[in-house]
Amino acid sequence: PEPELCVLLGNLLENALNACAGQKDKPFIRVNILQNGASMLTVTVDNPCPLPPDWEGQRLIPRRRDAPGIGTESVKAIARRCHGDARFQWKEGMFYASVMLNP
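What counts, and where the lines are drawn
Residues numbered from 1 in each chain as written. Predicted model: local features only at pLDDT ≥ 70, side-chain atom pairs only at ≥ 80, totals over all residues. Heavy atoms only, no water. Phe/Tyr/Trp six-rings, centres within 6.5 Å; stacked < 30°, edge-to-face > 60°. Buried < 20%, exposed > 50% of the residue type's maximum accessible area, 1.4 Å probe, protein only. Core = buried A, V, L, I, M, F, W, Y, C linked by side-chain atoms within 4.5 Å. Helix = DSSP H or I, 4+ residues; strand = E, 2+ residues; numbered from the N terminus. Disulfide = S-S within 2.5 Å. Axes fitted to C-alpha atoms, helices over the stretch in contact; angles between N-to-C directions. Left-handed = near helix turned anticlockwise from the far one by under 90°. Contact = heavy atoms within 4.5 Å. Nonpolar A, V, L, I, M, F, W, Y, C, P; charged D, E, K, R; others polar.

**Quick look at the packing of aromatic side chains**
With the rule as written, the count across this model stands at one aromatic pair. Ring geometry for Phe88 versus Phe95: centroids 6.2 Å apart, planes at 20 degrees, classification stacked. On the accessibility criterion, Phe88 (13% relative accessible area) is buried.

Now the structure itself:
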């Protein structure tokens, strides 16, 4: 549904913007959205992130303490409701968010 897609994109972009804030090198955010077949949608958001994120099991722990930090959990919940999956990875200074939706 459109409102859930807006929440999903908003959370992913907000996280990417926060990760890029204050970086000395030229930060960037790469967004790809691809429709596969009649209904499957793949969303990826990649951005530089010099420090690895903090994890508690499979859950990302936010560095910002002024917000409750439910963005990635919200993305995962939306993906599950849409019969999909959400994965987050940090590797060599880059953060990768990948979401597949199959409503």
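**Brief notes about the nonpolar core**
Within the largest apolar cluster, 18 residues are counted, with the highest numbers of intra-cluster contacts made by Leu8, Leu12, Val43, Val75, Phe88, Val99 and Leu101. Within the residue set of this core, elements represented by two or more residues are α1 (2-20), β2 (40-48), α2 (71-81), β5 (85-91) and β6 (94-101). The leading source of residues in this core is β6, at four residues.

**Focus on the state of the cysteines**
By definition, a disulfide links two cysteine residues through a covalent bond between their sulfur atoms. Evaluated as defined, the whole model comprises zero disulfides. The structure places no disulfide on Cys6, whose sulfur is separated from the nearest cysteine sulfur, that of Cys82, by 12 Å. For Cys20, which is in no disulfide, the shortest distance to another cysteine sulfur is to Cys49 and amounts to 8.5 Å.

**With respect to the packing of α1 against α2**
Two packed helices can be described by the angle between their axes and the distance between those axes. α2 packs onto α1 with a crossing angle of 150 degrees between their chain directions and a minimal axis gap of 9 Å. Every pair of crossing elements has a handedness; the one defined by α1 and α2 is left-handed. Only Gly71, Thr72, Ser74, Val75, Ile78 and Arg81 of α2 make contact with α1, whose side of the interface consists of Glu4, Val7, Leu8, Asn11, Leu12 and Asn15. For the contact of α1 with α2, the per-class residue count stands at five nonpolar, five polar and two charged.

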